[in-house]
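An overview of the molecular structure
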Amino acid sequence: MAKLQQAIHLNPVFEDFGIKQYVETGTGGILDSHGENSLLQVSQLDDPDLKMHSIEILQRIYDEAVKYFDNNSNVIMHHGNSHEELPKVIEELNEDPALFFFDAHFPDSYRDNMNREIINDDPDYIKIPLEGELRILSEKRDISRDIIVIDDIRIYRDGPYENGNFENKKEHGGENLDFVEELLDESHVIVESYLQEGYLICFPIDTDVEELRKYVVGAE
Ligand SMILES: C[S@@+](CC[C@H](N)C(=O)[O-])C[C@H]1O[C@@H](n2cnc3c(N)ncnc32)[C@H](O)[C@@H]1O
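What comes next concerns the included structure. The model shown is predicted, which means the values in this text are computed figures rather than measured ones. (Residues numbered from 1 in each chain as written. Predicted model: local features only at pLDDT ≥ 70, side-chain atom pairs only at ≥ 80, totals over all residues.)

Re the site of the ligand
Surveying the vicinity of the ligand reveals 25 residues, the closest of which are Gly26, Gly28, Ser38, Ile57 and Ala104. Looking at the shell around the ligand, the elements that each hand over two or more residues are strand 1 (21-25) and strand 2 (51-56). Taken together, the residues of the shell around the ligand break down into 11 nonpolar, 10 polar and 4 charged. (Near = placed C-beta within 6 Å. Helix = DSSP H or I, 4+ residues; strand = E, 2+ residues; numbered from the N terminus. Nonpolar A, V, L, I, M, F, W, Y, C, P; charged D, E, K, R; others polar.)

Structure, rendered in structure tokens:
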């Protein structure tokens, strides 16, 4: 499973862009992540002013995170699907720059004895919620100073990804990523990374393109 720190270098990004709010859809497991869970890594940046919100649909994973971060009042967990919870989280944000990590998809998918991914037949707004999440965000917030990182773009289009194309794309994937360009093209520089399962990393439009090397994993 791909992680935020495999897309961007956390320290320079959070420091240079003055990120004081982190919002993630899809918490994922913490205890089985060998320390690599993205929320866990962000929480270790050790910035007392950084508020972190994470939205998770599965009760078991939500409960685990609540328990894990019991002593860290800067981590706020939200239980439910991202389309219902994201608008409420956006209401709670202030004007400080935020980093959004969109990583929610296929709740409770698992693998069969051939190691093929089995995906439950949830409606698309739960199964592949990205387009709705981005539409909610761009309607409800001035995102011009925010960074948006999108994981698993191979769900939407084929490409030379480090971990290959998505074998279930025809049945369970999205059609394309045109909505990202539609919603972010004027406000953001969009960088595509083929590492892991593919990322789109969207920086505020006035970011110096030469500087991006410092921030994007693999671009150094
Ligand atoms: C790939 S994992 C997240 C990994 C984590 N962000 C990390 O980088 O360490 C995806 C998570 O999204 C959750 N999820 C799937 N669909 C969701 C939805 N519609 N709303 C909220 N959470 C969802 C899944 O239950 C799973 O825990």
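Resuming the write-up.
Some points on helix 4 (residues 82-92)
If you check which residues of helix 4 are buried, you get Ser82, Leu86 and Val89. Summarising the axial view, the buried residues of helix 4 lie within an arc of 65°, below the 170-degree limit, and thus occupy one face. In helix 4, the exposed residues that point more than 90 degrees away from the buried face are Lys88 and Glu91. Those residues of helix 4 hidden inside the fold are in contact with strand 1, strand 2, strand 3 (75-79) and helix 6 (130-140). (Buried ≥ 20, exposed ≤ 12 C-beta atoms within 10 Å, placed from the backbone. Arc of directions from axis to C-beta. Contact = placed C-beta atoms within 7 Å.)

Quick word on the pairing of strand 4 (residues 98-102)
Look at any regular strand and the pattern is simple: side chains alternate between the two faces of the sheet. Most of strand 4 sits inside the fold, with 5 of its 5 residues counted as buried. Because side chains alternate across strand 4, one face comprises the buried residues Ala98, Phe100 and Phe102, and the other comprises Leu99 and Phe101, equally buried. Relative to strand 4, strand 1 runs parallel, the two sharing 5 bridges. Along strand 4, the bridge assignment pairs Tyr22 with Leu99. Here 4 bridges tie strand 4 to strand 7 (residues 147-151), and the two strands are oriented parallel to one another. Of the residues in strand 7, the one forming a bridge with Phe102 is Ile150. (Pairing = 2+ DSSP bridges.)

Remarks on the packing of helix 4 against helix 6
When two helices pack together, their arrangement is given by the angle between their axes and by how far apart the axes lie. Helix 6 packs onto helix 4 with a crossing angle of 20° between their chain directions and a minimal axis gap of 10 Å. One finds that helix 4 runs roughly parallel with respect to helix 6. Between helix 4 and helix 6 lies a crossing whose hand is right-handed. Every residue of helix 6 that contacts helix 4 at Ser82, His83, Leu86, Pro87 and Ile90 is listed here: Gly132, Glu133, Ile136, Leu137 and Lys140. Split by residue class, the contact of helix 4 with helix 6 holds 5 nonpolar, 3 polar and 2 charged. (Axes fitted to C-alpha atoms, helices over the stretch in contact; angles between N-to-C directions. Parallel < 35°, antiparallel > 145°, perpendicular 65-115°, else oblique. Left-handed = near helix turned anticlockwise from the far one by under 90°.)

Focus on the pairing of strand 8 (residues 188-193)
Bridging between strand 8 and strand 9 (residues 199-204) involves 6 bridges; their strand directions are antiparallel. Across the sheet, the residue bridging to Val189 is Phe203, located in strand 9. What sits between the antiparallel neighbours strand 8 and strand 9 is a turn of 5 residues, in which Gln196 has the positive phi angle 55°.

With respect to the sheet that holds strand 4
The mixed open sheet is built from 7 strands, whose spatial order is 3-2-1-4-7-9-8. Both edges of this open sheet fall to strand 3 and strand 8, since each of them pairs with a single strand only. Within the sheet, the average angular offset between the axes of one strand and its neighbour, ignoring direction, is 15°. Strands in contact with helix 4 are strand 1, strand 2 and strand 3; relative to strand 2, the strand with the most contacts, it is inclined by about 160°.

Everything listed here is a matter of coordinates, which is why it stays silent on function.
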